[in-house]
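# Observations on the three-dimensional arrangement
Okay, here's what each chain looks like letter by letter:
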Amino acid sequence: MTDKSDTAGTTTPARVLLKNRDAVREQIALLAGQARHEVLVFAHLLDPYLFNTAELSHLLASLAARDRHNLVHILIEDVDQAVHDNDRIVMLCRRLSDFVQMRRVGEQHMGLKEMFVVTDHHDYLHQSDTTRPECLAAPADAHIASELRHRFREMWERSEPITALRTTGLA
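Summarised in this report is the structure supplied together with it.

Conventions we followed
- Residues numbered from 1 in each chain as written.
- Predicted model: local features only at pLDDT ≥ 70, side-chain atom pairs only at ≥ 80, totals over all residues.
- Heavy atoms only, no water.
- Axes fitted to C-alpha atoms, helices over the stretch in contact; angles between N-to-C directions.
- Helix = DSSP H or I, 4+ residues; strand = E, 2+ residues; numbered from the N terminus.
- Parallel < 35°, antiparallel > 145°, perpendicular 65-115°, else oblique.
- Left-handed = near helix turned anticlockwise from the far one by under 90°.
- Contact = heavy atoms within 4.5 Å.
- Pairing = 2+ DSSP bridges.
- Phe/Tyr/Trp six-rings, centres within 6.5 Å; stacked < 30°, edge-to-face > 60°.
- Buried < 20%, exposed > 50% of the residue type's maximum accessible area, 1.4 Å probe, protein only.

## Some remarks on the packing of helix α1 (residues 21-34) against helix α3 (residues 54-66)
- Running from N to C, α1 and α3 cross one another at 20°; their axes reach a closest spacing of 9 Å. One way to sum up the angle between α1 and α3 is to call them roughly parallel. Considering the relative orientation of α1 and α3, their crossing is left-handed. Two secondary-structure elements touch here, α1 through I28, A29, A32 and G33 and α3 through E55, L56, L59 and L60.

Laid out in structure tokens, this is it:
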């Protein structure tokens, strides 16, 4: 993807409209593979077709292993669905709990029918309506990525830990 110049001569990041689930899954894996420090995921439902893949699990585990400050934070609404349908992500949350964390959104953020992934403050994928397959993705769009990251951080602060992810016998 290349940047486009507007009439004023400034450069705007190229945005790509992804029109099917295969393209969205590939873009999520690409973002995770290019991440250097942080992957943030918000989803009403954690779609196993998009997130419960061996490739994505490997990429997220590699990110977590590279540096003790790297992190993956996942916010979801439907805890039962996420835990039941995403065993690879659940195992990462259990094995690498200091680096890969999943939480349930707070009540004030319930019912949002969107999904987004933000990596390293500048790359993102955003599906504004999860009932439609289209997503917008952009590398190096710090402005939109920053807005999504800010929203994510606000939701994270009001979210709740998921007790089903704790190893039995540990508090």
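## Comments concerning the sheet that holds strand β8 (residues 123-127)
- Strand order in this open sheet of eight strands is β3-β9-β8-β7-β4-β5-β6-β10, and the pairing throughout is mixed. Every other strand in the sheet has two partners, leaving β3 (16-18) and β10 (160-161) as the edge strands with one partner each.
- Sheet analysis places strand β4 (residues 38-43) next to strand β5 (residues 71-76), joined by six bridges and oriented parallel. Bridge assignment links A43 to a residue of β5, and that residue is I76.
- The strands touched by α1 are β3, β4, β7 (115-119), β8 and β9 (135-138); relative to β8, the strand with the most contacts, the crossing angle is about 155°.
- Its contacts with the sheet put helix α6 (residues 142-157) on β4, β5, β6 (100-104), β7 and β8, and the angle it makes with β5 is roughly 70°.

## A short note on the packing of aromatic side chains
- Throughout the structure, instances matching the rule amount to two aromatic pairs.
- Ring centres of F42 and F116 lie 5.5 Å apart, and the angle between their planes is 35°; this geometry places the pair in the tilted category. Taken together, the residues span a long stretch of sequence, with F42 in strand β4 and F116 in strand β7 at a distance of 74 residues.
- Overall, the relative accessible area of 1% leaves F42 in the buried class.

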